[in-house]
Number of protein chains: 2
Amino acid sequence: MEKISVAAARKPEAIGKQVRLQGWVRTRRDSKGGFSFLELNDGSSLGNVQIVVDGTLPNYESDVKHLTAGSSVTIDGLVKASPAKGQPTEVQATQLTVHGGADAEGYPLQKKHHTFEFLRTIAHLRPRTNTFGAVTRVRNRVSQSIHQFFQEQGFYYIHTPIITASDCEGAGEMFKVTTLDLEKLPKRAEPGQSGTVDYTQDFFNRPAYLTVSGQLQGEIFACSMGKIYTFGPTFRAENSNTSRHLAEFWMVEPEMAFFELTDNMELAERFIKRILGDVLRDCAEDMQFFNDRIDDSHTILATLQGIVDKPFLRVSYTEAVEILEKSGHKFEYPVGWGRDLQAEHERYLTEQKFNCPVILYDYPRTIKPFYMRCNDDGRTVRAMDVLVPKVGEIIGGSQREERLDILEQRMQEQGLVPEHYWWYLDLRRYGTVPHSGFGLGLERILQFITGLGNIRDVIPFPRTPGSADF
Amino acid sequence: MEKISVAAARKPEAIGKQVRLQGWVRTRRDSKGGFSFLELNDGSSLGNVQIVVDGTLPNYESDVKHLTAGSSVTIDGLVKASPAKGQPTEVQATQLTVHGGADAEGYPLQKKHHTFEFLRTIAHLRPRTNTFGAVTRVRNRVSQSIHQFFQEQGFYYIHTPIITASDCEGAGEMFKVTTLDLEKLPKRAEPGQSGTVDYTQDFFNRPAYLTVSGQLQGEIFACSMGKIYTFGPTFRAENSNTSRHLAEFWMVEPEMAFFELTDNMELAERFIKRILGDVLRDCAEDMQFFNDRIDDSHTILATLQGIVDKPFLRVSYTEAVEILEKSGHKFEYPVGWGRDLQAEHERYLTEQKFNCPVILYDYPRTIKPFYMRCNDDGRTVRAMDVLVPKVGEIIGGSQREERLDILEQRMQEQGLVPEHYWWYLDLRRYGTVPHSGFGLGLERILQFITGLGNIRDVIPFPRTPGSADF
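This one's a predicted model, so the numbers in the text were calculated from it and none came from an experiment.

K.L.:
What should I look at first to understand the overall build of chain A in this one?
P.N.:
Secondary structure summary: chain A contains twelve helices and 19 strands in total. Seen through its C-alpha atoms, chain A measures out along the principal axes to roughly 85 × 60 × 45 Å. Across the 470 residues in chain A, those meeting the buried criterion constitute 57%. Intrachain contacts of chain A at a sequence separation of at least 6 include 66% that bridge at least 24 residues. Looking at chain A as shown, the accessible area adds up to about 18,500 Å², and 48% of this sits on carbon and sulfur atoms. Averaging the coordinates of the 54 positive side-chain charges in chain A and doing the same for the 62 negative ones gives two points 5 Å apart.

K.L.:
Before we go on, may I ask you to explain the side chain of Arg400 of chain B in this structure?
P.N.:
All names here are of chain B. One can find Arg400 in strand E18 (residues 392–400). Overall, the relative accessible area of 3% leaves Arg400 in the buried class. Engagement of the side chain of Arg400 in a polar contact is seen with the side chain of Ser398, the distance being 2.8 Å. Engagement of the side chain of Arg400 in a polar contact is seen with the backbone oxygen of Gly437, the distance being 3.3 Å. Leaving out residues up to four positions away in the same chain, Arg400 has contacts with Gln215, Glu219, Glu255, Tyr371, Arg373, Arg428, His435, Ser436, Gly437 and Phe438.

K.L.:
Sorry if this is basic, but what is going on with the sheet that holds strand E15 (residues 313–316) of chain B here?
P.N.:
Strand pairing in a sheet takes place through backbone hydrogen bonds and is either antiparallel or parallel in direction. All names here are of chain B. As summarised here, the arrangement of the eight strands in space is E7-E13-E14-E19-E18-E17-E16-E15, forming an open sheet in which the pairing is mixed. The strands lining the two open edges of the sheet, one partner per strand, are strand E7 (156–157) and E15. Note: E7 against strand E13 (residues 227–235), two bridges, orientation parallel. Bridge pairing in E13 places Tyr156 opposite Ile228. Docked against the sheet, helix H4 (residues 215–225) engages E7, E13, strand E14 (248–257), E18 and strand E19 (435–441), running at close to 30° with respect to E14.

K.L.:
Would you take a moment to explain the environment of Leu210 of chain A for this structure?
P.N.:
Here Leu210 of chain A lies in strand E12 (residues 208–210). Looking at Leu210 of chain A, the relative accessible area reads 0%, which means it is buried. Those residues in contact with Leu210 of chain A, other than ones at most four positions away along the chain, are Ile162, Thr164, Met174, Phe175, Val177 and Phe235 of chain A together with Ile163, Val177 and Leu210 of chain B.

K.L.:
Is there a simple way to explain the interface of chain A and chain B in this structure?
P.N.:
Frequently, the measure chosen for interface size is the accessible area that the parts lose on association. Each side of the interface is counted separately: chain A has 111 residues, and chain B has 111 residues. Remark: the boundary between chain A and chain B carries two salt bridges. For Asp469 of chain B, the salt bridge goes to Arg206 of chain A, with nearest N and O atoms at 3.1 Å. Top contributing element to the side of chain A that touches chain B by residue count: helix H3 (residues 130–152) of chain A, with nine residues. Residue composition of the side of chain A that touches chain B, grouped by class: 53 nonpolar, 41 polar and 17 charged. Pairing geometry for strand E9 (residues 176–178) of chain A and strand E9 (residues 176–178) of chain B, over three bridges, is antiparallel. Of the residues in E9 of chain B, the one forming a bridge with Lys176 of chain A is Thr178 of chain B.

K.L.:
Mind showing me how you'd approach helix H4 (residues 215–225) of chain A here?
P.N.:
Note: α-helices contain 3.6 residues per turn, so residues at a spacing of three or four share the same orientation. All names here are of chain A. With eleven of its eleven residues buried, H4 lies for the most part within the structure. Restricting attention to buried positions, one finds in H4 the residues Gln215, Leu216, Gln217, Gly218, Glu219, Ile220, Phe221, Ala222, Cys223, Ser224 and Met225. Phi turns positive one or two residues past the end of H4, at Gly226, with a value near 95°.

K.L.:
Sorry, what's going on with the relation of the copies chain A and chain B here?
P.N.:
The second copy of the chain is related to the first by a rotation about an axis and a shift along the axis. Superposition of chain A onto chain B requires a rotation of 180° combined with a translation of 0.0 Å along the rotation axis, giving an RMSD of 0.0 Å. Between the two chains, the operation in question is that of a two-fold axis. No C-alpha of chain A approaches the rotation axis more nearly than that of Val177 of chain A, which lies at 2.4 Å.

K.L.:
Is there a simple way to think about the packing of helix H3 (residues 130–152) of chain B against helix H6 (residues 284–294) of chain B in this case?
P.N.:
Geometry of a packed helix pair, given as the angle between the helix axes and the separation of the axes. Residues and elements named next belong to chain B. It is the contact of H3 with H6, at a shortest axis distance of 10 Å, that shows an interaxial angle of 135°. Considered as vectors, H3 and H6 are oriented oblique to each other. Read as a crossing pair, H3 and H6 show a hand that is left-handed. Contacts between H3 and H6 involve Asn130, Thr131, Ala134, Val135, Arg137 and Val138 on the former and, on the latter, Asp286, Met287, Phe289, Phe290 and Ile294.

K.L.:
Would you explain the packing of helix H5 (residues 261–282) of chain A against helix H12 (residues 442–450) of chain A in this entry?
P.N.:
Residues and elements named next belong to chain A. Axis separation between H5 and H12 bottoms out at 12 Å; the angle between their running directions is 45°. For the element pair H5 / H12, the angle class is oblique. You can see that H5 and H12 cross each other, and the crossing is right-handed. The segment H5 lies against H12, with Ile272, Ile275, Leu276 and Val279 engaging Ile445, Phe448 and Ile449.

K.L.:
How should helix H7 (residues 300–309) of chain B be read in this particular structure?
P.N.:
Residue and element names in this part refer to chain B. For H7, the set of buried residues is Ile300, Leu304 and Ile307. Relative to the axis of H7, the buried residues are bounded by an arc of 60° and lie together on one face. In H7, those exposed residues whose orientation departs by more than 90 degrees from the buried face are Ala302 and Asp309. Structurally, H7 contributes buried residues whose contacts are with helix H5 (261–282), H6 and helix H12 (442–450).

K.L.:
Explain the pairing of strand E13 (residues 227–235) of chain A to me, please; I cannot follow it from the model alone.
P.N.:
On a regular strand, one side chain projects to one face of the sheet and the next to the other, so that they alternate. All names here are of chain A. The buried fraction of E13 is high, at eight of nine residues. Across nine bridges, E13 lies against strand E14 (residues 248–257) in antiparallel orientation. Paired with Thr234 across the strands is Phe249, a residue of E14.

K.L.:
Honestly, the sheet that holds strand E12 (residues 208–210) of chain B in this entry has me stumped. Any pointers?
P.N.:
Read across the open sheet, the six strands follow the order E8(A)-E12(A)-E9(A)-E9(B)-E12(B)-E8(B); overall the sheet is antiparallel. Bordering the open sheet on either side are strand E8 (163–164) of chain A together with strand E8 (163–164) of chain B, each of which pairs with just one other strand.

K.L.:
In this structure, what is going on with the packing of aromatic side chains? I would like to understand it.
P.N.:
Given two aromatic rings, one states the distance between the centres and the angle between the planes to describe the pair. Applying the stated rule across the entire model yields 56 aromatic pairs over all chains. A centroid spacing of 6.4 Å and a plane angle of 85° characterise the contact between Tyr157 of chain A and Trp250 of chain B, whose relative ring orientation is edge-to-face. In this pair, Tyr157 of chain A sits in strand E7 (residues 156–157) while Trp250 of chain B sits in strand E14, so the two residues belong to two different chains. Taken individually, Tyr157 of chain A and Trp250 of chain B each receive the classification buried, so the pair is uniform in this respect. Taking the centre distance of 5.6 Å and the plane angle of 5° together, the rings of Phe204 of chain A and Phe175 of chain B count as stacked. Of this pair, Phe204 of chain A sits in the loop between strand E11 (195–197) and E12 while Phe175 of chain B is found in the loop between E8 and E9, placing the two residues in two different chains. Note on Phe204 of chain A: relative accessible area 1%, which makes it buried.

K.L.:
How should I be thinking about the pattern of salt bridges in this particular structure?
P.N.:
Opposite charge on two side chains allows them to pair when their charged atoms are near. Overall, the coordinates contain 59 salt bridges over all chains when judged by the stated rule. Residue Arg270 of chain A pairs with Glu266 of chain A through a salt bridge whose shortest N-O separation is 2.6 Å. Of this pair, Arg270 of chain A and Glu266 of chain A are both found in helix H5, four residues apart, which corresponds to roughly one turn of the helix. The closest approach of N and O atoms between Arg281 of chain B and Asp282 of chain B, which form a salt bridge, is 3.0 Å. The class for Asp282 of chain B is partly exposed, based on a relative accessible area of 39%.

K.L.:
In this structure, what is going on with the side chain of His435 of chain A? I would like to understand it.
P.N.:
Residue and element names in this part refer to chain A. Its place among the elements puts His435 in strand E19 (residues 435–441). Judged by its relative accessible area of 1%, His435 is buried. Within the structure, His435 has its side chain in polar contact with the backbone oxygen of Val433 (distance 2.9 Å). Discounting chain neighbours no more than four positions away, the residues touching His435 are Glu219, Cys223, Glu255, Met256, Ala257, Phe258, Phe259, Gln399, Arg400 and Arg428.

K.L.:
Just checking my understanding: could you explain the confidence of the model for chain A for this structure?
P.N.:
Do not read the predicted coordinates in detail wherever pLDDT is low. Across chain A, the average pLDDT comes to 95, with 98% of residues at 70 or higher. Reported confidences for the modelled complex are a pTM of 0.97 and an ipTM of 0.97.

K.L.:
Just checking my understanding: could you explain the environment of Asn264 of chain B for this structure?
P.N.:
Residues and elements named next belong to chain B. The topology assignment puts Asn264 in helix H5. Residues Asn264 and Arg403, spaced 139 residues apart in sequence, show a C-alpha to C-alpha distance of 19 Å. In this view, Asn264 contacts Met256, Phe259, Met384, Gly397, Ser398, Gln399, Ser436, Gly437 and Phe438; residues no more than four positions away in its chain are not counted. One polar contact links the side chain of Asn264 to the main-chain carbonyl oxygen of Ser398, over a distance of 3.4 Å.

K.L.:
What is the right way to read the pairing of E14 of chain A from this model?
P.N.:
Residues and elements named next belong to chain A. Most of E14 sits inside the fold, with ten of its ten residues counted as buried. Covered by surrounding structure in E14 are Glu248, Trp250, Val252, Pro254 and Met256 together with Phe249, Met251, Glu253, Glu255 and Ala257, the residues of both alternating faces. Bridging between E14 and E19 involves five bridges; their strand directions are antiparallel. In the strand pairing of E19, Val252 is matched with Leu440.

The rules behind these values
Residues numbered from 1 in each chain as written. Chains lettered and ligands numbered in written order. Predicted model: local features only at pLDDT ≥ 70, side-chain atom pairs only at ≥ 80, totals over all residues. Heavy atoms only, no water. Helix = DSSP H or I, 4+ residues; strand = E, 2+ residues; numbered from the N terminus. Buried < 20%, exposed > 50% of the residue type's maximum accessible area, 1.4 Å probe, protein only. Contact = heavy atoms within 4.5 Å. Areas by Shrake-Rupley, 256 points an atom, 1.4 Å probe, with all protein chains shown as cover. Lys, Arg positive; Asp, Glu negative; His and termini not counted. Charge placed at Lys NZ, Arg CZ, Asp CG, Glu CD. Polar contact = N/O pair within 3.5 Å; in protein donor to acceptor, adjacent residues only side chain to side chain. Pairing = 2+ DSSP bridges. Axes fitted to C-alpha atoms, helices over the stretch in contact; angles between N-to-C directions. Salt bridge = Lys/Arg side-chain N within 4 Å of Asp/Glu carboxyl O. Nonpolar A, V, L, I, M, F, W, Y, C, P; charged D, E, K, R; others polar. Least-squares fit on C-alpha atoms with pLDDT ≥ 70 in both. Parallel < 35°, antiparallel > 145°, perpendicular 65-115°, else oblique. Left-handed = near helix turned anticlockwise from the far one by under 90°. Arc of directions from axis to C-beta. Phe/Tyr/Trp six-rings, centres within 6.5 Å; stacked < 30°, edge-to-face > 60°. pLDDT = per-residue confidence, 0-100.

In structure tokens form, the structure reads like this:
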């Protein structure tokens, strides 16, 4: 008796095999002929396998006739070609064991339409639905593509720290991490400028935070191991209750020694194409589901395939501003050299002007962080953003400033204290090299791939303002 | 001109190729004949490639003769068979570009012995040393083995949450996560039993913590997707300043529906063997280094190969206690049925009694958590620990209690409030299945593999009491 998955039992190759299947009943339908049909799912594929249970089974009346949606079973049986349309196989049960029932009154996942809002309140059960099963499989596939893409090219996977004591001046809002008893905060004997709390009593002897990016630490490893990437959780304490923001999300950040901005762009383009190509090939059934059932315009498959097939456009920030200014399009936010681009501008470029992904590069130095490499024009830095239709910016990156004196000058321009970054500056003091990197938010690309409107639906347990359930 | 890695240039297959190499100079040695030898490393392998630079190069006097350890260079040249012993190839440079020097006075990594304690204070430079380059490559390889092992068997990679509001009663010490201003903590209008701080002003409207385990959330996905694993950061706020504890570490936690304890043991054994086998095969040079230069007894290679080759022993807790009691060995901590085993007991079993990994199972229910499945004897639960020589427990796991009534009873036994676990109990209410899982600490197995005495040396940026540098 071979134990196989539902996905395997649905394939014509399985026909003729005696198999054991284990999973959850999605539906039961009793036939007048004294037998029943079960739709069984075990998470291995979107589609179920149909189980035919004959009335002659000893526990047919006692067990099978009481099976409800959500019940768990082990089924032994023979895989046969199915006479029904749309499924190559079905399984004729020879034995059925019930592990656990699911009270039809109480079970929250009844066979009816549930809103995504409701399903978020039962995040412990939503992976049992078609949509969230498909999200789980696609998220898994994308995560593996990330590892495979970088590993095949000799990158090392680096675990940058989650808890950080870096000042991170200028970064986004951060969560504090502490072991102090908030009911009985220790006070400093002599209060100083920076407050009265005595952090020498805290776990790390100083204020500590959750990381907003592993980039700076990633640069440490690029400047010794050559090519590296991080892939881990990242945090923002911004009070943004939108469909595009999470307080906790997963980010990929490659960092490469001896890469200039054009190498960085080339890598980012291949990276996106690899992820999309893998998903289209290996999650075909799930992607068809997203195309047909989630995306109102039913264009996901065509859009993703188009991105895999066509080269990305490369447009300088300066050119992009000219295009926007000459467009005659009425934008809510003003366009002008030196201003940051808004989502509406990015969407105009990718959706209306070019209808393909665009890599914008060479942004004004005044609107970009200190670590981006200054161009000789004195006005721009070697930044790049990859924009895709519908989602906008999906990757942000840059060549890093490798010249010590210019880096220190940029820090001072932005009001940062170079001494706080002594180790980061050391990388420029000792054997500095041109290097580049970028960041991709896993949930952003999953929204793009699945067409799901709310980012809370592409992560298992979303953390947002007021919500840290499960 | 093909850009290749130092690792590739060291292989005989490279002989005859015109190549470009980019990396950092480890040493320079000038020959009386008017040429120089450079040892170049780029992170791709433990060993360097030797570069021969002829005095006829235009920048020989101006650049090459000033190269110091840590300088970064690009070298074009021809790969040749090396006349020197111990290296199959060398590279005859035709062009050399210096990117950045490294002041010989200031550069902390001089060619002398540095203690691991000192290197921890320059964690931004230590990946440039042989030991930490090797640790980085082995850590990367192990991380990939983890993914490959589970993916090949149809497991899904699940990202369980880092920030959690679960009460986690009875778990280890936890870090608090907050956005409250500790200098101006908001107070509740009507102070209640649980304190005066007004958590409705906090980001999540309640106290929140850093996770100590993804197991309970992993069970959610096992009970829908079948077989899953987590691999992510985990936290303990225990004030343990030892060579075996980190406040932040990476943990792997597989969780499988329809797995009983014996299936769990079998998976754990194959998992350990797979990781060790991959590292021995793919990191041979690095492992030889750990064997010869890190492990005082020079037995790492033999030990790991022995573990790959031989079956693990399975011994019940009850048998183990009998063995220890009859051993005649004088232990510091008393042995007796119902007491937890100490490291000295575990080491006696794996090192002196059996000299191989041992899986202990069926522990007393009084010393194990509520979620472990009760055996019919009324005294034991289906727990298992995998013990290995020198390190002791490397994996802990169990079959989970899938029976709702017994689980609730166990919670009450241990003083937990079942209502706080409503969603966890729902998994037993609706389609409950036998299931099992275990946890492996990445840094523990890396200590075992590398022989490094201090766990702070197998993670890029260790977090320990009083220390969150870089």
